[in-house]
Amino acid sequence: NEFAMTLLMPADDVRERITGQRPSIELVRTLTGRYGTSLVATALRVREISSDAFCIVYVAAGHVKWCWPTSRFQWRPRRGSPWPLQSVVSLSGDAIPTFRVFGAEAQARVGRELIVSAADMPGYDASLWILVTHDARRPWEWGRVDLSE
């Protein structure tokens, strides 16, 4: 419910707390404790307010249920596709090679490396993932793929 989200997590307060911090599950968990909101609701609020290039992915039973990228994150895993990362990495974020895990299309859109953080949600047989890119390419450069190491 959008009204409840804006009441419980005021935009100015959230913005103040996330400014200068990389989006991660660790950050979202900290905010969850502050606002008394769910992990998913808090992640979605951070996504709504942040200017960073990242994507929130909800994985249930090993498949992508939904994905919500920011406008600066120009790739999304397909809904219903198998999720290639089966184990939760870390709360603060680990660097993973985009091409090896997600393929050439992802690398062409979001760069060579993604910072990935995740949290299991065992009661739902699900996990929540945050993928962050620091790729500085412009939209007209997205098609360029550099596969060299």
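Look a little higher up for the structure.
S.K.: Looking at this model, I keep getting lost on the overall build of the protein. Mind explaining?
M.R.: For the protein, the count of helices and strands is 6 helices and 5 strands. Each helix and strand of the protein, ordered N terminal to C terminal, gives the series α-α-α-α-β-β-β-α-α-β-β. Looking at the 149 residues of the protein, the share that counts as buried comes to 44%. Per element, the accessible surface of the protein, about 8300 Å² overall, is 51% carbon and sulfur.

S.K.: Mind showing me how you'd approach the packing of helix H2 (residues 11-18) against helix H4 (residues 39-49) here?
M.R.: For any two helices packed against each other, one specifies the crossing angle of their axes together with the interaxial distance. Where H2 contacts H4, the axes come no closer than 10 Å and their chain directions differ by 85°. With respect to each other, H2 and H4 are oriented roughly perpendicular. Where H2 abuts H4, its residues Ala 11, Val 14, Arg 15 and Ile 18 lie against Arg 45, Val 46 and Ile 49. Of the residues assigned to the contact of H2 with H4, the class counts are 5 nonpolar, no polar and 2 charged.

S.K.: I'm lost on the pairing of strand E5 (residues 126-132) in this one. Help?
M.R.: On a regular strand, one side chain projects to one face of the sheet and the next to the other, so that they alternate. Where burial is concerned, most of E5 is hidden: 7 out of the 7 residues are buried. Side chains of E5 alternate between two faces, with Ala 126, Leu 128, Ile 130 and Val 132 and Ser 127, Trp 129 and Leu 131 buried alike. As paired strands, strand E1 (residues 54-60) and E5 are joined by 7 bridges and run antiparallel to one another. Note that in E5 the partner of Val 59 across the bridge is Ser 127. Connecting strand E4 (residues 113-121) to the antiparallel partner E5 that follows it, the hairpin turn spans 4 residues, and Asp 125 within it adopts a positive phi of roughly 50°.

S.K.: Honestly, the pattern of salt bridges in this entry has me stumped. Any pointers?
M.R.: A side chain with one charge may pair with a side chain of the opposite charge, provided their charged atoms come close. Within this structure, the stated rule accounts for 5 salt bridges. A salt bridge links Asp 12 to Arg 15; its shortest N-O distance comes to 3.1 Å. On the criterion of helical spacing, the pair formed by Asp 12 and Arg 15 is a turn pair, its members being 3 residues apart in helix H2. Residue classification places Asp 12 among the exposed residues on the basis of a relative accessible area of 60%. Judged by its relative accessible area of 37%, Arg 15 falls in the partly exposed class. Among the ionic pairs, Arg 78 bridges to Glu 105, the shortest N-O distance being 3.7 Å. Of this pair, Arg 78 sits in the loop between strand E2 (63-69) and strand E3 (94-97) while Glu 105 sits in helix H6 (residues 104-110); the two residues are 27 residues apart in sequence, bridging distant segments of the chain.

S.K.: How do you make sense of a nonpolar patch on the surface when you look at a structure like this?
M.R.: On the surface, Phe 3, Leu 7 and Leu 8 cluster together into a nonpolar patch covering about 350 Å² of accessible area. Along the chain, Phe 3 falls in helix H1 (residues 2-8).

S.K.: What is the right way to read H4 from this model?
M.R.: Residues three or four positions apart in an α-helix share a direction because the helix packs 3.6 residues into each turn. Taken across its 11 residues, H4 has 8 buried, putting it largely inside the fold. Residues of H4 that are buried include every one of Leu 39, Thr 42, Ala 43, Leu 44, Arg 45, Val 46, Arg 47 and Ile 49, and no others.

S.K.: Can you walk me through helix H3 (residues 25-35) in this structure?
M.R.: Listed in full, the buried residues belonging to H3 are Ile 25, Leu 27, Val 28, Leu 31, Thr 32 and Tyr 35. For H3, the angular spread of buried residues about the axis comes to 155°, placing them on one side. Opposite the buried face of H3, by more than 90 degrees, sit the exposed residues Thr 30 and Gly 33. On its buried face, H3 is in contact with H1, H2, H4, E4 and E5. Two residues or fewer past H3, Gly 36 is found with a positive phi of approximately 70°.

Rules used throughout
Residues numbered from 1 in each chain as written. Predicted model: local features only at pLDDT ≥ 70, side-chain atom pairs only at ≥ 80, totals over all residues. Heavy atoms only, no water. Helix = DSSP H or I, 4+ residues; strand = E, 2+ residues; numbered from the N terminus. Buried < 20%, exposed > 50% of the residue type's maximum accessible area, 1.4 Å probe, protein only. Areas by Shrake-Rupley, 256 points an atom, 1.4 Å probe, with all protein chains shown as cover. Axes fitted to C-alpha atoms, helices over the stretch in contact; angles between N-to-C directions. Parallel < 35°, antiparallel > 145°, perpendicular 65-115°, else oblique. Contact = heavy atoms within 4.5 Å. Nonpolar A, V, L, I, M, F, W, Y, C, P; charged D, E, K, R; others polar. Pairing = 2+ DSSP bridges. Salt bridge = Lys/Arg side-chain N within 4 Å of Asp/Glu carboxyl O. Patch = residues over 30% accessible without salt bridge, like charges linked within 9 Å, V, L, I, M, F, W, Y side chains within 5 Å. Arc of directions from axis to C-beta.

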